[in-house]
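Residue-level structural notes
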Amino acid sequence: MRATRFVRERDAIRFSTARGLMRMILSRYLGISASAVTLVTGVHGKPEIGPSMRVPLQFNLSHSADRAILAVCDRFPVGIDIEEIRPISEDVARHFFSSRECSLLNALPQHEYMPAFYRCWTRKEAFVKAHGAGLLLPLDSFDVTIAEAGAPRLERLEGDDHPGDTWTLYNVDVPQGFVGALAAMTMGHTAQLRYQSLARVLIQDASLVI
Ligand SMILES: CC(C)(COP(=O)(O)OP(=O)(O)OC[C@H]1O[C@@H](n2cnc3c(N)ncnc32)[C@H](O)[C@@H]1OP(=O)(O)O)[C@@H](O)C(=O)NCCC(=O)NCCS
């Protein structure tokens, strides 16, 4: 029971709430009770619907501070990330981002650095989570765009000459003070985000529908 491992009670409650609501939302998509949803952990740690359920439903959860967001898709592998904007040191970018991403960030005026940092972070994290390889995927083996304008893109991925045809990145609408991104392996198909907020609870359901 992972909730018992949290030092702060507040974090344990957030963890359990997000988990419980995730099961509830997934159960609605599957048309079964929340307790009947079978979840398994993929080879590299990504939670998935158990194969015994024989449904193609894909999902991914992210939480930050008191917010959580769940992406659900009936077709493509998805990854989602939400982050609360908090001050960070520039060493963090050097540690996690590719050299191209660092160059783009370092060229920005000071006041644009933080939002661009979090756009880069959430786009990268969403891609890692959609990809499913977890920590085995080197963070410098791919580049994301960091600009606010225009649709976000996966610009480079080692071993894939056309990563933008395979993967689609999305900005996600999140509360003020947070940044969110979603990645989906759309394989050239078009998909749109549809939002279903659960009012007054800590989870938001960003369904990706075709
Ligand atoms: C495991 C990992 C994906 C979690 O990310 P996080 O930002 O700490 O936390 P998030 O709230 O966004 O996501 C957590 C949820 O992702 C899901 N998850 C766990 N492992 C996952 C994996 N390997 N792939 C996709 N999703 C995963 C779970 O539902 C988890 O929820 P839980 O904590 O309630 O079990 C992340 O720690 C990781 O492996 N990152 C590697 C890449 C990295 O270092 N990025 C730095 C920024 S670019």
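The rules behind the values
- Residues numbered from 1 in each chain as written.
- Predicted model: local features only at pLDDT ≥ 70, side-chain atom pairs only at ≥ 80, totals over all residues.
- Helix = DSSP H or I, 4+ residues; strand = E, 2+ residues; numbered from the N terminus.
- Rg over C-alpha atoms; globule rule 2.2 N^0.38 Å.
- Buried ≥ 20, exposed ≤ 12 C-beta atoms within 10 Å, placed from the backbone.
- Contact = placed C-beta atoms within 7 Å.
- Core = buried A, V, L, I, M, F, W, Y, C linked by C-beta atoms within 7 Å.
- Pairing = 2+ DSSP bridges.
- Expected span 1.5 Å × (residues − 1).
- Axes fitted to C-alpha atoms, helices over the stretch in contact; angles between N-to-C directions.
- Near = placed C-beta within 6 Å.

Notes on the overall build of the chain
- Per the secondary structure count, the chain includes five helices and 11 strands.
- Relative to the 2.2 N^0.38 estimate, which gives 17 Å for 210 residues, the radius of gyration of the chain is 17 Å and therefore close to what a compact globule would have.
- Expressed along its principal axes, the backbone C-alpha trace of the chain runs to roughly 50 × 40 × 30 Å.
- Across the 210 residues of the chain, 34% fall into the buried class.
- For the chain, contacts bridging at least 24 residues in sequence account for 51% of all contacts bridging at least 6.

Focus: the nonpolar core
- Core analysis: the largest hydrophobic core is formed by 41 residues, its most contacted members being Leu70, Val78, Phe127, Leu169, Leu182 and Ala183.
- Contributions of two or more residues to this core are made by helix H1 (9–30), strand E3 (58–64), strand E4 (67–73), strand E5 (78–84), helix H4 (110–131), strand E6 (142–144), strand E8 (168–171) and strand E9 (178–184).
- Looking at this core element by element, the count peaks at eight residues for H4.
- In this structure leucine 169 touches Arg123, Ala126, Phe127, Val144, Pro152, Arg153, Leu154, Ala181 and Ala183, once residues within four positions along its chain are discounted.

Focus: the pairing of E3
- The buried fraction of E3 amounts to seven of the seven residues, a majority that puts the element mostly inside the structure.
- Burial along E3 is two-sided: Gln58, Asn60, Ser62 and Ser64 facing one way and Phe59, Leu61 and His63 facing the other are all buried.
- As consecutive antiparallel partners, E3 and E4 are separated by two residues, and within that stretch alanine 65 has a phi angle of approximately 50 degrees, a positive value.

Focus: H4
- Across its 22 residues, H4 extends 32 Å between first and last C-alpha, which sits within 8% of the 32 Å expected from 1.5 Å per residue.
- One or two positions beyond H4, positive phi appears at glycine 132, with a value near 95 degrees.

Focus: the sheet that holds E8
- With antiparallel pairing, the three strands of this open sheet are ordered in space as E5-E9-E8. Every interior strand has two partners, whereas the edge strands, E5 and E8, have only one. Each strand of the sheet is rotated relative to its neighbour by a mean of 15 degrees, with strand direction disregarded.
- Looking at chain direction, E5 and E9 are connected through seven bridges and run antiparallel. Across the sheet, the residue bridging to glutamate 83 is valine 179, located in E9.
- In the packing of H4 onto the sheet, the strands contacted are E5, E8 and E9, and the crossing angle to E5 comes to about 150 degrees.

Some words on the site of the ligand
- Taken together, 23 residues lie around the ligand, and Gly45, Lys46, Ser62, Lys124 and Gly134 are the ones closest in.
- Those elements that provide at least two residues to the shell around the ligand are H1, E3, E5 and H4.
- Per element, the largest residue contribution to the shell around the ligand is five residues, and it comes from H4.

Details of unusual backbone geometry
- Backbone geometry places alanine 65, a non-glycine residue, at a positive phi of 50 degrees.
- Tracing the backbone shows alanine 65 in the loop between E3 and E4.
- Phi is positive for methionine 187, which is not a glycine, with a value near 50 degrees.
- Locating methionine 187 in the fold gives a position in the loop between E9 and strand E10 (192–197).
- Classification of methionine 187 as exposed rests on a count of 11 C-beta atoms within 10 Å.

So, the environment of serine 197
- Structurally, the position occupied by serine 197 is in strand E10.
- Residues serine 197 and valine 128, spaced 69 residues apart in sequence, show a C-alpha to C-alpha distance of 25 Å.

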